[in-house]
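Chain by chain, the residues:
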There are 2 protein chains.
Amino acid sequence: MKVCVVGCGAIGSLFAAHLARLNDVEVHAYDVSAAHVDAINKNGLRISGAADFTARFHATIRAQEIPRCDYGIVATKSTHTRGAIEQARNIFDDRSAVCSVQNGVGNEEIIAEHVKQVIRGTTFPAGHIIAPGHVGYDIAGSTWIGPFEPSGVPMRLVNELAEMLNRSGMKTVALQDARGAQWSKLIFNASTNPVGALTGLHHGAATFFEPTGALFDALIDEGTAVARALGIDLHDDPKKMVRFAANAPGKHKASMLQDVLANRPTEVDFMNGAIVRMGEKAGVPTPLNRAMWALVKGLEHFWTNP
Amino acid sequence: MKVCVVGCGAIGSLFAAHLARLNDVEVHAYDVSAAHVDAINKNGLRISGAADFTARFHATIRAQEIPRCDYGIVATKSTHTRGAIEQARNIFDDRSAVCSVQNGVGNEEIIAEHVKQVIRGTTFPAGHIIAPGHVGYDIAGSTWIGPFEPSGVPMRLVNELAEMLNRSGMKTVALQDARGAQWSKLIFNASTNPVGALTGLHHGAATFFEPTGALFDALIDEGTAVARALGIDLHDDPKKMVRFAANAPGKHKASMLQDVLANRPTEVDFMNGAIVRMGEKAGVPTPLNRAMWALVKGLEHFWTNP
């Protein structure tokens, strides 16, 4: 079985390294960071934190060097989905199934423009790049996957991918309808990420500081109202997810805060922006999500208008 | 006539320098910055920008060196009102009148704990300290003053202070009820200041960037609803004030952004915090002002919890 990880940042690296430990799986990784790719090919990828091991697999900055794969796992930032899948499209054919494990909503739609069989996914583990070839595994957690409804991917492929990931040590749940899991994570992210990005606070500090903790709850209430209006049953309670993550060891910085610290475009359009757009569609007001979206867009605007 | 400026930062310096140009007014300034005080005493205070001149007056870090004054102008950050007026209380007696020209609401209440006759005031000019003894006058504008209602200060003293300020070149309007002017500025500040502080954008950039410009408007709508519920007639339209300030030359950074860049406690409790508290009293929901308050408090919390 061949698997290609598209986007080998912190999350993609966790998937690639775990899968590479399976004897019956050949892992390829496509990423734009030459330094990370070179380090992986030279010394393997080192994981530390919630798990500690080093795994060897093939990484490259040239997608055309990767053979046809049975499965794809897309783990780029949402802002890079389109560019990455355009580069990687020839790795997959009509029998392949490509799964998004990205933040936010809207990525499967983009992948499906180029790949026939698409799997909807959402993942809870969190990490960060410590150095090229070395990823910190900050928070362990499950992954939920299910068919991307319009693509007609059979449940058999969803189950096969879940089975493979579970064997690799990445706990994965196959669901007939993964929208509830995806929206639970979306609502979690749309509260914790902008607040972290705008204040600098790591996840635990923002949760336990009363003003920002209350803002988390208010943002979650808005997102939950939108999900309800869309007929989506949340798989998990985002407020419980916030507290669970806050009790993880270490000082995990939300991915959007990591983006801001690096002056990288954030995923806010796929998080709070998506909740605002879906809220408009469903007739549910989302003033707080719109405010977070506006502030983070303002922050990005500042980098080019200091 | 003797006038003491309490808090000789950017705004206090503008008042002190203008008043010092009048032959019939003796100006004293109390400030905590020894460098600024020393520079003023040595070379005078230089103003550049909307006006260009240098004025000489007495400045000190020891309030007990200042003689009894007829008028006080308090221009500290709201967070320092209590400490400053406790130090300066003996400069004023029961015939003196002390006027706040500070941001936010709640300062007159604190001053009135120590001084009998208090004048409510709000001022639109904006500036920043360029160097000790040198203040940039970024945006010119009017000052509105009126009796602080519970203190029973006679209108005669309000008029006398306004007349003196007008002669000095600081355009000032005496009002029987200055609450409408103060709330106009409060609502203006509570929209522009946190957005500037959280994004880094200078006032013009934040106004003309569509997402943050729309957030200004939404925050203003909330504040206006609270003022209406309290029976306060706004003296000016805060949305027009935003556009007026945005068209001023230069890239003025909101005072809260200046505070954040210097890791100084902000005035958010006297701005968005005050609107939230007044909204609760009046039964008007203020979710966006509460969100801005929470984010800025989170930012301050971060400085001690990195």
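The rules we used
- Residues numbered from 1 in each chain as written.
- Chains lettered and ligands numbered in written order.
- Predicted model: local features only at pLDDT ≥ 70, side-chain atom pairs only at ≥ 80, totals over all residues.
- Heavy atoms only, no water.
- Contact = heavy atoms within 4.5 Å.
- Buried area = accessible area lost by both parts, 1.4 Å probe.
- Salt bridge = Lys/Arg side-chain N within 4 Å of Asp/Glu carboxyl O.
- Polar contact = N/O pair within 3.5 Å; in protein donor to acceptor, adjacent residues only side chain to side chain.
- Helix = DSSP H or I, 4+ residues; strand = E, 2+ residues; numbered from the N terminus.
- Domains from an automatic or database assignment.
- Nonpolar A, V, L, I, M, F, W, Y, C, P; charged D, E, K, R; others polar.
- Axes fitted to C-alpha atoms, helices over the stretch in contact; angles between N-to-C directions.
- Parallel < 35°, antiparallel > 145°, perpendicular 65-115°, else oblique.
- Left-handed = near helix turned anticlockwise from the far one by under 90°.
- Least-squares fit on C-alpha atoms with pLDDT ≥ 70 in both.
- Pairing = 2+ DSSP bridges.
- Buried < 20%, exposed > 50% of the residue type's maximum accessible area, 1.4 Å probe, protein only.
- Arc of directions from axis to C-beta.

Draft legend 1. Seen up close, the interface of chain B and chain A. On the side of chain A, 25 residues touch chain B, which itself brings 25 residues to the contact. Together, the buried faces of chain B and chain A total about 2100 Å²; carbon and sulfur atoms form 79% of this surface. Three residues, Thr 199, Phe 209 and Leu 295 of chain B, lead the burial of chain B against chain A; their summed loss comes to 23% of the area buried on that side. Our count for the chain B to chain A interface comes out at zero salt bridges. At the junction of chain B and chain A, the tally comes to zero residue pairs in polar contact (both at pLDDT 80 or more). Elements with a contribution of two residues or more to the side of chain B that touches chain A: α6 (179–199), α8 (210–229) and α12 (287–304) of chain B. Top element by residues in the side of chain B that touches chain A is α12 of chain B. It accounts for twelve residues.

Draft legend 2. Focus on the domain arrangement of chain A. Residues and elements named next belong to chain A. According to the domain assignment, chain A consists of domain 1 (2–174) and domain 2 (179–304). Its C-alpha centre places domain 1 at a distance of 23 Å from the equivalent point of domain 2. Taken together, the contact pairs 24 residues of domain 1 with 26 residues of domain 2. Between domain 1 and domain 2, the buried area comes to about 2100 Å², and carbon and sulfur atoms account for 61% of it. Linking domain 1 with domain 2 are one salt bridge. Asp 259 is paired through a salt bridge with Lys 77; the nearest N and O atoms lie 3.0 Å apart. At the level of elements, α4 (107–111), β8 (117–123), β9 (126–131) and β10 (134–139) are the ones that each hand at least two residues to the side of domain 1 that touches domain 2. No other element matches the four residues that β8 contributes to the side of domain 1 that touches domain 2. Partitioned by chemical class, the residues of the side of domain 1 that touches domain 2 number seven nonpolar, twelve polar and five charged.

Draft legend 3. Quick look at the packing of helix α8 (residues 210–229) of chain A against α12 of chain B. Where α8 of chain A meets α12 of chain B, the closest approach of the two axes is 8 Å, and the angle between their N-to-C directions is 135°. By the angle between their directions, the pair α8 of chain A and α12 of chain B is classed as oblique. Judged by the twist between their axes, the crossing of α8 of chain A over α12 of chain B is left-handed. Residues Pro 211, Thr 212 and Leu 215 of chain A of α8 of chain A lie in contact with α12 of chain B, whose contacting residues are Ala 291, Trp 293, Ala 294, Leu 295, Lys 297 and Gly 298 of chain B. Of the residues assigned to the contact of α8 of chain A with α12 of chain B, the class counts are six nonpolar, two polar and one charged.

Draft legend 4. Geometry of the relation of the copies chain B and chain A. Rotating chain B by 180° about the axis while translating it 0.0 Å along that axis superimposes it on chain A, leaving an RMSD of 0.0 Å. Here the copies are linked by what is in effect a two-fold axis. Both copies share a contact surface, since 100% of the interface residues of chain B are interface residues in chain A too.

Draft legend 5. Structural detail: the sheet that holds β8 of chain A. Residue and element names in this part refer to chain A. The strand order across the open sheet formed by eight strands is β5-β2-β1-β6-β7-β8-β11-β12, and the pairing between neighbours is mixed. Every interior strand has two partners, whereas the edge strands, β5 (58–60) and β12 (172–174), have only one. Neighbour to neighbour, the strand axes of the sheet diverge by 20° on average, direction disregarded. Judged from the five bridges that link them, β8 and strand β11 (residues 143–147) form a sheet pairing that is antiparallel. Bridge pairing in β11 links Gly 121 to Ile 145. Packing of helix α5 (residues 155–168) onto the sheet brings it into contact with β1 (2–6), β6 (71–74), β7 (97–100), β8, β11 and β12, and relative to β12 it is tilted by some 165°.

Draft legend 6. Broad picture of the pattern of salt bridges. As enumerated under the stated definition, the model contains 30 salt bridges over all chains in all. The shortest N-O distance in the salt bridge between Glu 300 of chain B and Lys 297 of chain B comes to 3.5 Å. Placement of the pair is Glu 300 of chain B and Lys 297 of chain B together in helix α12, with a separation of three residues, close to one helical turn. Exposure remark for Glu 300 of chain B: the relative accessible area of 15% places this residue in the buried category. Members of the salt-bridge network, linked through shared partners, are Arg 68, Asp 70, Asp 93 and Arg 95 of chain A.

Draft legend 7. Local environment of helix α3 (residues 81–88) of chain A. Residue and element names in this part refer to chain A. Within α3, burial applies to Thr 81, Ala 84, Ile 85 and Ala 88. Angularly, the buried residues of α3 cover 90° about the axis, an arc narrow enough to put them on a single face. On its buried face, α3 sits against β1, β2 (26–30), β6 and α4.

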